[in-house]
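Working through the structure, step by step
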Amino acid sequence: MEIVESILDIPVQDPPEEEFSSADLIWTKFGTAEHHDDVALIPYARVDEFIIGECSNVECPTRFHIERGRKRSMGSLKEYKSDEYLEYRLYWCSFGPENYGEGGGVLPSRRYRLNTRNRAARPQSMRGCTCHFVVKRLYARPALALIIFNERRHINKSGFVCHGPLDKDAIGPGAKKIPYISNEIQQQTMSMIYLGIPEENVLEKHIEYVQRYGGSDATVSTLASQYVRKLGMIIKRSTHELDLDDQASIRMWVERNKKSIFFYQDTSETDPFILGIQTEWQLQQMVRFGHRSLIAADSTFGIKRLKYPLCTLLVFDSRQHALPVAWVITRSVAKPDVAKWMKALLDRARSVDPGWKINGFVIDDAAMEIDPIRQDIFALKDAFCCPILFSIWRVRGSWLRNVVKKCSNIEVQREIFKRLGEIVYSLWGGLDTSVALEELILDFVDQSAFMEYFKSTWVPKIEMWLSTIKTFPLASQEASGAIEAYHVKLKTKLFDDSHLGALQRVDWLVHKLTTELHSAYWLDRYADESDSFQHVKEEYIASTSWHRALQIPDSAVTLDDKGHLFAKVASQKDSSRTHLVWNPGSDFAFCDCAWSMQGNFCKHVIKVNMICENAKGCRPSMSFWSFREILIDLCKKPMDDSIGLDESVAWTHQMLDQIKQLVELNSSNDIGIVVNNMPLKWISKKGRTFVGIPASLPALPFDSKTITKNVQKSRKRKRLSRLR
């Protein structure tokens, strides 16, 4: 087709149809040989009819929204070209380009996909459609409009049809007829389907939420019903095996889900396989709950059964439950490899909130590489730059589980577990741990099964574990219990008998994490925050042993008067039953309930330890001992090192002030009293007009007219910024 270089050579078209589309126009290539576009000239008065006709495309019904717009006033240009605009509007198909569809990105006018409430009109879901065009009202000829089509086909960046009847994965028929379904409603419906909730209940809940937007029209209910059934069919027929070869399958998944990946490194001769997964919802939770808080790692999950071990990064939500915010699948624990994905994860969080920072990182494996966490973020750009805490839940659970499994006598089980706890406690008591280990092996030499396991598995690396426990501050039982609760839930989801044949496929692991597990935690948080799905909310609240322990009254616990050797906890479900907790007050307490016998922190142990905190003659928790040792070490600075001593005193007082505030906040019944007693803090506002303005400005007299003018100016600025 010949390229036209002047708009004067392009004919004006005025189709006789009441509504017309791009198929009814003859398109001309306008521009130069290096850069040209498909354009058409129509009367400006018929622009709306063209847009309506373009939305009524039979193959790809849709809507178009104004993504960007500009205006000029007549006479504002002294010199102008024939294609200069009086009005400029960029129209984009409402099915794109965000979210679904390969290659979909963020719309040009948006840096992030947060705060999606006020986005341009969306008829259904974003599927990566690249169809968009520009309408220019010509400055030289205001009665005419120049239409510039950048992409006429409704396809994604991979060239596939991404919505409409021709798209086999499309969720719903015409965009003009389907009720508006927000991301929240769609995620809620998908979560319920993934969790196996009956279709009737899913449909009832879906229609209830859709009717908030579209009213109680019968058509809305019918279309919503079709939506749920089709979404259910798509989920049921979806499979993790995109290719028979696992490596090729995971490459295809990575290509299709780039927005849910923060780091990917394929296997090569020099580099190991690393896959870092984080959905947009997980990123939001990480930024929300991780800022100025803790991040914990549940590391080396499935090291014996999965093809690649799984490491999960967790934050503690508003109920102090562990919430997975990132999954890392890799076998490598080398410092350079750990630094790669940690830096990528940190950069992703700071792309949303540049000031995002955590207060501590909880590890559960003594062999975990900690240098990438501790290094200076400003110098090396590859660390969280925060203190490291250590959680003993993994070593405690492993010891307890094997003691119960390999020793048949319950009296022997209690005594061995108590002695193991004393070895750990002796780190702060000045005793020689090597001597204590030798005595343990000699005293229980008749327990050959457990001793063979202990000597082969733990003795070679016991010094590393004990050194880590002594070196780092220890996480509390609440944090350890929350991490353990996530680990147990993960094991239940993944090690189901029906999936044991797929454990050596990475694509199966990825599929289970991003569908069932992700949906379960999404629905838990949604049920709690929206106060809906009461059954789900109750199970979520009681999902950790710490919260279950809070439901046990103090009167149900009875301590032994003679040396506090044991404690009795009355069962809340069966009043005739009592659980016996040996070695009360210790992190290595032993309970005879079924949950504890599986190697877990049980609610009875946690409740007894809560009571022992205020009882005389009971030893404090290990986390308290660790904290006390840190404070003592700070005070042991040599007197001649004055700067070091000042630094230690400053750190100590800062920690004590924070502890006092937390204690006051937890014990107070009126939050207003606590807030009023806090010192006044000035908060700096962010905005372009504050750059270069001094921090202290003279006070101005109160003037209602001035305030009204300022409000009008700010509203005008907002309107202009939207047009730009």
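Residues numbered from 1 in each chain as written. Predicted model: local features only at pLDDT ≥ 70, side-chain atom pairs only at ≥ 80, totals over all residues. Heavy atoms only, no water.

The name recorded for the protein chain in an unreviewed UniProt entry is SWIM-type domain-containing protein, from Gossypium armourianum.

Quick notes on the sheet that holds strand β2 (residues 28–31)
To keep things clear, this is the line we draw: One bridge is not enough; two strands pair if DSSP finds at least two bridges between them. Elements are defined by DSSP. Helices are runs of H or I of four residues or more, strands are runs of E of two residues or more, and each kind is numbered from the N terminus.
Spatially, seven strands are ordered β1-β2-β3-β7-β6-β5-β4 in an open sheet, and the strand pairing comes out mixed. Each end of this open sheet is capped by a strand with a single partner; those strands are β1 (3–4) and β4 (64–71). Alignment of strand β6 (residues 132–138) against strand β7 (residues 144–151), held across six bridges, turns out to be antiparallel. Its bridge partner lying in β7, Val134 is registered against Ile148.

With respect to the packing of aromatic side chains
Centre distance and the angle of the planes are the two values used to describe a pair of aromatic rings. Here is the rule: In summary, the pairing rule links any two rings of Phe, Tyr or Trp, Trp by its six-membered ring, whose centres are within 6.5 Å, and it sorts them by plane angle into stacked for under 30 degrees, edge-to-face for over 60 and tilted for everything else. The cut-offs for exposure are 20% and 50% of the maximum accessible area for each residue type, with area from a 1.4 Å probe on protein chains only; residues under the lower value are buried, those over the upper are exposed, and the others partly exposed. Criterion for a charge above a ring: Arg CZ or Lys NZ at most 6 Å from the ring centre, at most 35 degrees from the ring normal.
Enumeration according to the criterion identifies 27 aromatic pairs in this entry. Between the aromatic rings of Tyr264 and Phe273, the centroid separation amounts to 6.2 Å while the plane-to-plane angle is 80 degrees, which identifies the pairing as edge-to-face. A residue is classified by how much of its surface remains accessible, and Tyr264, at 27% relative accessible area, is partly exposed. We note Arg396 situated over the ring of Phe601; from NZ or CZ to the ring centre the distance is 4.2 Å.

Here's the deal with the nonpolar core
What counts is decided by this rule: For this analysis, a nonpolar core means a set of buried residues of the types Ala, Val, Leu, Ile, Met, Phe, Trp, Tyr and Cys, connected via side-chain atoms within 4.5 Å. Two residues qualify as a contact provided that any one of their heavy atoms is within 4.5 Å of a heavy atom in the partner residue.
Core analysis: the biggest nonpolar cluster contains 130 residues, and Ile329, Phe361 and Trp399 have the highest contact counts within it. Looking at this core, the element that brings in the most residues is helix α16 (residues 506–530), giving 11 residues. What Ile329 contacts, discounting residues up to four positions off in sequence, is Phe273, Ile274, Leu275, Ile277, Tyr308, Pro309, Leu310, Val506, Leu509, Val510 and Leu513. In terms of nonpolar packing, the next biggest core, distinct from the first, is built from 36 residues, Leu90, Tyr91, Trp92 and Phe133 among them.

Some remarks on the pattern of salt bridges
Opposite charge on two side chains permits them to pair, given that their charged atoms come into close proximity. Here is the rule: A pair is scored as a salt bridge if a Lys or Arg side-chain nitrogen falls within 4 Å of a carboxyl oxygen belonging to Asp or Glu.
As enumerated under the stated definition, the model contains 29 salt bridges in all. Here Lys29 ties to Asp38 by a salt bridge, and the two come within 3.1 Å at their closest N and O atoms. Using a relative accessible area of 23% as the deciding quantity, one classes Lys29 as partly exposed. For Asp38, a relative accessible area of 19% puts it in the buried group. Residue Glu255 is joined to Lys258 by a salt bridge in which the shortest nitrogen-to-oxygen separation is 3.1 Å. Among the residues examined, Glu255 registers a relative accessible area of 39% and is labelled partly exposed. Salt bridges sharing common partners tie together Arg288, Asp317, Arg319, Arg525, Asp528 and Glu529.

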